[in-house]
Amino acid sequence: MSSTLVQFRTDENSKTKAVLICERLGLDLPSYLRMCISRLNQENGIPFSMNINNLSQNKGLEAMKAASMIAEENGIADMTLDEINAEIAEARKSLLS
């Protein structure tokens, strides 16, 4: 199947916001636009909604939030990176001993 170029103009602010939303959804803008055209043709209308508010939380982000709460509860939330690395190195030494 041959491809064709589709171009349109929009203001820079709208494009920037669209790119950021697509990135949060794990897409780039051209992929999103191809997906829109494909689904528009399949459904013969606008068939879907993709809102950031409806995304399930990223498991990695949830784990980081949980770790932050645990650190806060244990009074170690403001440790420096050097302090954290020193604790990790010490824990590794004790595991190897």
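Asks: Account for unusual backbone geometry, naming residues and giving values.
Replies: Phi is positive for N44, close to 55°, though the residue is something other than glycine. Inspection of the secondary structure puts N44 in the loop between α2 (29-43) and α3 (59-73).

Asks: Hey, could you go over the environment of E83 for me, with residue numbers and the actual values?
Replies: Within the secondary structure, E83 is located in helix α4 (residues 81-96). Separated by 2.7 Å, the side chain of E83 and the backbone nitrogen of T80 make a polar contact.

Asks: For helix α1 (residues 12-24), give the residues involved together with the corresponding values.
Replies: Between its first and last C-alpha, α1 extends 19 Å over 13 residues, near the 18 Å set by a 1.5 Å rise per residue. Of the residues flanking the end of α1, it is G26, one or two places downstream, whose phi is positive at about 85°.

Asks: I'd like to hear about the pattern of salt bridges, residue by residue, with values.
Replies: Tallied over the entire structure, the rule returns 1 salt bridge. For E43, the salt bridge identified is with R39, shortest N-O distance 3.7 Å. Taken together, the positions of E43 and R39, both in helix α2 and 4 residues apart, correspond to about one turn of that helix. Classification of E43 by relative accessible area gives partly exposed; the value is 44%.

Asks: Which residues make up a negative patch on the surface, and what values do they have?
Replies: Taken together, E72, E73, D78, D82, E83 and E87 make up a surface patch of like negative charges. With 3 residues, the single largest contributor to the negative patch is α4.

Asks: Talk me through a nonpolar patch on the surface; I want residue IDs and the actual numbers.
Replies: A cluster of nonpolar side chains, contributed by L81, I84 and I88, occupies part of the molecular surface with about 260 Å² of accessible area. With respect to the helices, strands and loops of the structure, I84 is situated in helix α4. What makes I84 partly exposed here is its relative accessible area of 35%.

Asks: Please set out the state of the cysteines residue by residue, giving values where relevant.
Replies: Scanning the entire structure with this criterion turns up 0 disulfides. Considering cysteine sulfurs only, C36 is the nearest to C22, which forms no disulfide, with 8.0 Å between them. A residue is classified by how much of its surface remains accessible, and C22, at 4% relative accessible area, is buried. Of the residues examined, C36 reaches a relative accessible area of 22% and is grouped as partly exposed.

What counts and what doesn't
Residues numbered from 1 in each chain as written. Predicted model: local features only at pLDDT ≥ 70, side-chain atom pairs only at ≥ 80, totals over all residues. Heavy atoms only, no water. Helix = DSSP H or I, 4+ residues; strand = E, 2+ residues; numbered from the N terminus. Polar contact = N/O pair within 3.5 Å; in protein donor to acceptor, adjacent residues only side chain to side chain. Expected span 1.5 Å × (residues − 1). Salt bridge = Lys/Arg side-chain N within 4 Å of Asp/Glu carboxyl O. Buried < 20%, exposed > 50% of the residue type's maximum accessible area, 1.4 Å probe, protein only. Patch = residues over 30% accessible without salt bridge, like charges linked within 9 Å, V, L, I, M, F, W, Y side chains within 5 Å. Areas by Shrake-Rupley, 256 points an atom, 1.4 Å probe, with all protein chains shown as cover. Lys, Arg positive; Asp, Glu negative; His and termini not counted. Charge placed at Lys NZ, Arg CZ, Asp CG, Glu CD. Disulfide = S-S within 2.5 Å.

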